[in-house]
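Secondary and tertiary structure notes
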Amino acid sequence: MDSELLNSQVRVVTILKGLAAGQILTMDQMAEAIHRMQKLVGCGVFHIQSIWLFTRSDLKTIVIPQSAFGIINAIASSNDWPEVLSRVPMVFFWVWINLLPFAIDNQRQAEAILEDRHNKPWRTMPSQRMTEAQARILMLLLYPVSLFTSLRLGGTRQCLALMVLGYGYNDLNLADRSWISRNVINALGFCSFASGALEVAMDSPLSFSGGNNQTVVKWLAMIGGIVFSTVQTQDMADQVGDSSRGRKSMPLALGDGPARWMIAIPMVGWSIVCPWFWGAGAVVHVVAAFLGLLIACKTLTWRSIEADKRTFQLWNLWMAGLYTLPLLSAGGR
């Protein structure tokens, strides 16, 4: 297949050189050129889709919410919101290009492929759209791309942090050994994506010691706490696949019932604390508390795999709702 595509590329280039030199193509040559171009385009579309599938399931978890965090907090802390809005495409691209090599590294592992055959068989590796060797080469090429992007757009510290976290998560298997290390890495990863997106949106580095960004830094710390205490929502529907690879996620380590309570209680608590932190009005307090309680009750009562998948989707919406609090606050902090 690869040699055939290479021959098509060579033949198309030869035909194009002939056209550039003033050569008149016969009908057969034109038909051949069109056929080979179609094959090349089809191959390109196939590989682009394969790359896209690595991050498809993370759009709702990472790309959209963390980009939204950066944009919303940049608007809330800046008087030049048109400039922030002009950088929205850069924010989304920064998050996605930093996520992509991590996702490839995660999904190319043999244990991950086994898990995805149960949970996400449409992904690139279990559907055999790419070999493990090809995925590794692509990953190694993309890490420098993400670093170069960060050097140009911002978020360089966060980019480097994500590389370290990715190594610990994927290569040292820290996410499989204990639900605590898994949740810690997830929390630090969320904070890295969120703060990096914020730096790109603001077009300036975030100060973590003193300065005018202390409210945002505290907010990032709260986001880390929220993720650490509730991110196991994503593990509830994946228990079959996680068990097959020996992952000690919270529901497998502590039991399904205790894990659900350890989601529900913090979710209700954060739904009360976060609006208070931002000084939001009474309506926001009531709505946030109601949504947190609703999702907590759903977590405790609806326990099928499909129900758990929908609950995780609601968790992502709940997180996105919390991200809007800086704009909904009564005058900010």
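Looking at an unreviewed UniProt entry, the chain carries the name Digeranylgeranylglyceryl phosphate synthase, with the source organism given as Podospora pseudocomata. One UniProt comment on the chain, placed under Subcellular location (unreviewed entry), says "Membrane".

Let us look at the pattern of salt bridges. According to the stated counting rule, one finds 11 salt bridges in the structure shown. A salt bridge links Arg247 to Asp176; its shortest N-O distance comes to 2.7 Å. Note that Arg247 is positioned in the loop between helix H12 (239-244) and helix H13 (250-254) and Asp176 in helix H9 (residues 174-177), a separation of 71 residues in sequence. For the pair shown, Arg247 and Asp176 are each scored as buried. Across the pair Arg303 and Asp256 runs a salt bridge, and its minimum N-O distance is 3.7 Å. On the criterion of sequence distance, the pair formed by Arg303 in the loop between helix H15 (282-301) and helix H16 (305-323) and Asp256 in helix H14 (residues 256-277) is long-range, its members being 47 residues apart. Its relative accessible area of 44% is what places Arg303 among the partly exposed residues. The class for Asp256 is partly exposed, based on a relative accessible area of 23%. Salt bridges sharing partners connect three or more residues here, namely Asp256, Arg260, Arg303 and Asp308.

Moving on, we get to the packing of aromatic side chains. Tallied over the full model, the rule gives 9 aromatic pairs. Ring geometry for Trp94 versus Phe193: centroids 6.5 Å apart, planes at 80°, classification edge-to-face. With a gap of 99 residues between them, Trp94 in helix H5 (residues 88-107) and Phe193 in helix H10 (residues 179-202) connect regions that are remote in the sequence. With respect to class, Trp94 is no different from Phe193; both count as buried. These aromatic residues form a ring-pair network of at least three members: Phe190, Phe312 and Trp315. Taking the ring centre of Trp122 as reference, the NZ or CZ of Arg56 above it sits at 4.0 Å.

Definitions and cut-offs
Residues numbered from 1 in each chain as written. Predicted model: local features only at pLDDT ≥ 70, side-chain atom pairs only at ≥ 80, totals over all residues. Heavy atoms only, no water. UniProt positions renumbered as here; feature names shortened; annotations may be inferred. Salt bridge = Lys/Arg side-chain N within 4 Å of Asp/Glu carboxyl O. Helix = DSSP H or I, 4+ residues; strand = E, 2+ residues; numbered from the N terminus. Buried < 20%, exposed > 50% of the residue type's maximum accessible area, 1.4 Å probe, protein only. Phe/Tyr/Trp six-rings, centres within 6.5 Å; stacked < 30°, edge-to-face > 60°. Lys NZ or Arg CZ within 6 Å of the ring centre and 35° of its normal.

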